[in-house]
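# Examination of the molecular architecture
Below are the chains, spelled out letter by letter.
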Amino acid sequence: MKRFVISAIVLFFVSVNARAQFIDSTAVQTAFSVLNDSSGNFDDMGYAVVWADFNNDGFLDLVVNQQNESRLFFFNPISTLFEDMTNPKISNGSNGFLRNNGNAFGKWRSAIAADFNHDGFVDIARNWFEQIEVYLNNGSADAEPYSFGGVSRAPNLTISSGTTATFNSEGMGVLDYDGDGDLDLLFDNDDAFELLLNDGNASFSYLTSAPFHGSGGNDGHFIAVTDYDANGFVDILVDISSIADLWSQTSPSTFASVANYTQEGDTGGDIFCDFNADGRFDLFAVNGSDSLIYFQDNLGTLNVSTQPSGATGYQYGGVDCGDVDSDGDLDLLVVNNGAHQLFINDGSGAMSSSSLPVTANGLGSGATFADVDQDGDVDLLINQNPAAVFLENTSSISEDYLIVRVQADSEDACQQTNSDGFVLRDDIGATIRLLDNANPNNPSYVGPIQEVNGGKGAGSQSSPWVHFGLTHLGGGDHSYLVEIKFRYQQGDSALDTVRIPVHPSDIAGYQQLNVISSDPDGDSIKTGDEKADAAAAGLSDDIDGDGLANWLDTDADGDGVSDRSEAGDSNACTSAVDSDGDGVPDYLVSSSDPNVDPPPLGTGDSDGDGLLDSEEDLNGNGNPDDDDSDRDGIPNYLDVDDDDDGILTSQEITDAAAYGGRTDVDGDGLVNWLDTDSDGDGILDSDESGDADGDGVPDYLSFSGVSGGALCSIESRQKESWLFVVVALAFLIRKRKLQLRDGT
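Structure report, in brief. (Residues numbered from 1 in each chain as written. Predicted model: local features only at pLDDT ≥ 70, side-chain atom pairs only at ≥ 80, totals over all residues. Heavy atoms only, no water.)

### Digging into the nonpolar core
Core analysis: the biggest nonpolar cluster contains 42 residues, and F116, I432, V482 and I484 have the highest contact counts within it. Setting aside residues up to four positions removed in sequence, V482 forms contacts with L402, V404, I432, R433, L434, V498, R499, I500, V502 and L513. (Core = buried A, V, L, I, M, F, W, Y, C linked by side-chain atoms within 4.5 Å. Buried < 20%, exposed > 50% of the residue type's maximum accessible area, 1.4 Å probe, protein only. Contact = heavy atoms within 4.5 Å.)

Right, dumping it as structure tokens:
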């Protein structure tokens, strides 16, 4: 086992924000010197840099390709070392990852990390021009935990022929092409791009229908997969000359070429990033003659720009984006032959060139950002000759960051499961955006839209844990909504959206928000089940009226007992507990007695204030959820104090009955329990809750607060006020006369 230490030598690179600092140490470079040869021949070097948590320890691990072999590294958080686990985890002698393909042009090109067989462990696919190999993760129960492959670590699946006469694979990506809940494998086959359909058990078959075979192009290179038009279906871009490169998925298995963009010439990696933070993915295309950003000014339309200035000569270059200075926008990195370049974003998409504290002694290709050491800023690995370089970002950002991890679960979740009955995998294709929630009544989008990525750049893949820098968005000590869009059900044609409130600095330790797309509130009950349970019982989607939908609320019925507890630790394989067997689960019963169920919506008195729910449907639209008189986020039919005056609605109804049935004492059209000044005397009911004269009529229903006293009218109060003024003036006049008499 080889161990490589992360150095602590700090060098500064020049940028718009000087806070960004990277470590570039000889120790790190030497550590990774095994990754590439020193021939200086571009074709002798691999591309891929892929981060994923292969051993489920909560830290990112690494796969890097090189000429004749690939390497697997696990990050050890205790020793803060990268540990070369290639042998024995994924190799046995010269087999597996260390297998030499024996071809001068046979460098290992792309790599992808994904859970292909739905067992909750991340698998690996890699390719060279003649072959694609899939290595399945054997998981924690194997004799060699988290090892890969079959007998003698050989690949579980080898693919060496396609649907065309030639086979020359280069770029790869993963997406759920047919909407069946598992991840399919897309690859470039020189003059075509092809798709391998996954049956859910990592058994693949070719899709032979157009457009995924015999596309008629030539000179293909890399692949980027992103839901660039944010419709919930992952789109693809394949660098193949002479044909349309960008294909938009409009529904499962249905793609249409995008006519406004075709890329010609000898190109490198491509990436979709929201550089101007308008909520739309832009495209940066690495082209030998002119590498530029194509801004998506209108949804689905990419327009070439002049940004960034000076990004030329990056043929075959790798690319990635990340917020290196944590200021809330995405910066751009392009690597190639001795010309690695960092471009700092000013927030609008305008880029300024900066330098990295590393000299590219050889050609560079793969490069990715990731927060490896979990300190809140993104680090960087560049795959280059003669030695790959790891750069640790040592910026002092304190709590001004948020990491979001979105995972999906398999619909067939009762085989091998986690503690909640879910088989989890990173929800590739999900998009994430932040909203400023300082004003909950009017949240506003801030920062860029980002994604859980399935392949990009020069044969690489972004970290599945999405990083948001917050220094210019409000900081970590601020309230946000995390908006996640995804499809959690197989064949689901509707785009699901959840908004989760978060205060990043309140997250203990590493500020990472973990979300299961089918169970965003983490109560072990799937969103679909929570919707179905409420609908079956005739209940609303927010039964406790706290402004959080049941499936986003850890205590849906607001009874102080968590849904997880009341559901009996229900999971994907068992139903939530229903103590009285009436079809209403206990977690939807807002009573200490689980056998007492709430009545159907509209027929009962949910808040026990003496008014039927239907009577509190003030606008008469049949939905009392949108009637909230005091705007406290709790609809009237669930609110025990509808006007928030400190006097319970039930008490105000009782008092009105005792006072001759006068439900609108001041005649202003508002019944007393919706009126903050019921008697119209200018004094709020909250300040008149007593009965000063003891006549049995509360002061808030008595004009002036005393029902029979001297001050029972405006006129008498006005007379008293004028009398006071007259007396005061008389006193001042007499005082002045005395002063004049005394000569003062």
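### Some remarks on the sheet that holds strand β24 (residues 318-322)
Overall, antiparallel pairing links the four strands, which are arranged β24-β25-β26-β27 in an open sheet. Looking at which strands have only one partner, the edges of the open sheet turn out to be β24 and β27 (351-354). With strand direction ignored, the average angle separating the axes of adjacent strands in the sheet is 25°. Relative to β27, strand β26 (residues 341-345) is paired through four bridges, and the arrangement is antiparallel. In the strand pairing of β27, I344 is matched with S352. (Pairing = 2+ DSSP bridges. Helix = DSSP H or I, 4+ residues; strand = E, 2+ residues; numbered from the N terminus. Axes fitted to C-alpha atoms, helices over the stretch in contact; angles between N-to-C directions.)

### Comments concerning the state of the cysteines
Under the criterion given, the structure shown has one disulfide. With its sulfur 2.0 Å from that of its partner, C273 forms a disulfide with C321. Between C273 and C321 the disulfide shows an S-S torsion of about -90°. By sign, it is left-handed. One end of the pair, C273, is in strand β20 (residues 267-273); the other, C321, is in strand β24, with 48 residues separating them in the sequence. Of the two residues examined, C273 and C321, each falls in the buried class. (Disulfide = S-S within 2.5 Å.)

### What to know about the sheet that holds strand β19 (residues 254-257)
Spatially, the four strands line up as an open sheet ordered β16-β17-β18-β19, and their pairing is antiparallel. Bordering the open sheet on either side are β16 (223-226) and β19, each of which pairs with just one other strand. Across the sheet, the mean angle from the axis of one strand to that of its neighbour is 20°, orientation sign disregarded. Note that strand β17 (residues 235-238) and strand β18 (residues 246-251) share two bridges and pair antiparallel. Paired with I236 across the bridge in β18 is W247.

### A few points about the environment of I132
When you line up the elements, I132 lands in strand β10 (residues 131-135). In this structure the C-alpha to C-alpha distance between I132 and I159, which are 27 residues apart in sequence, comes to 5.0 Å. Not counting residues up to four positions away in its chain, the partners in contact with I132 are R126, N127, L157, T158, I159, F167, S169, M172, L185 and F187.

### Focus: the pairing of strand β29 (residues 379-384)
The side chains of a regular strand alternate between the sheet's two faces. Most of β29 sits inside the fold, with six of its six residues counted as buried. Of the two faces of β29, both are covered, the one formed by D379, L381 and N383 as well as the one formed by L380, I382 and Q384. Bridge analysis of strand β28 (residues 364-370) against β29 gives five bridges, and the strand direction is antiparallel. By the bridge assignment, T368 is partnered in β29 with L381. Strand direction decides the pairing type here: β29 and strand β30 (residues 389-393), joined by three bridges, are antiparallel. Bridge pairing links L381 to F390 in β30.

### Focus on unusual backbone geometry
A cis geometry characterises the amide bond from N87 onward to P88, with omega recorded as 25°. Cis geometry marks the peptide bond from Q307 to P308, where omega comes out at -10°. Of note, P308 is situated in the loop between β23 (301-304) and β24. Even without being glycine, A277 reaches a positive phi, approximately 50°. Of note, A277 is situated in the loop between β20 and β21 (282-287). On the accessibility criterion, A277 (26% relative accessible area) is partly exposed. Of note, D644 is a non-glycine position whose phi angle comes to about 55°, a positive value. Following the sequence through the fold, D644 ends up in the loop between α4 (563-566) and α5 (649-658). Residue classification places D644 among the exposed positions, given a relative accessible area of 53%.

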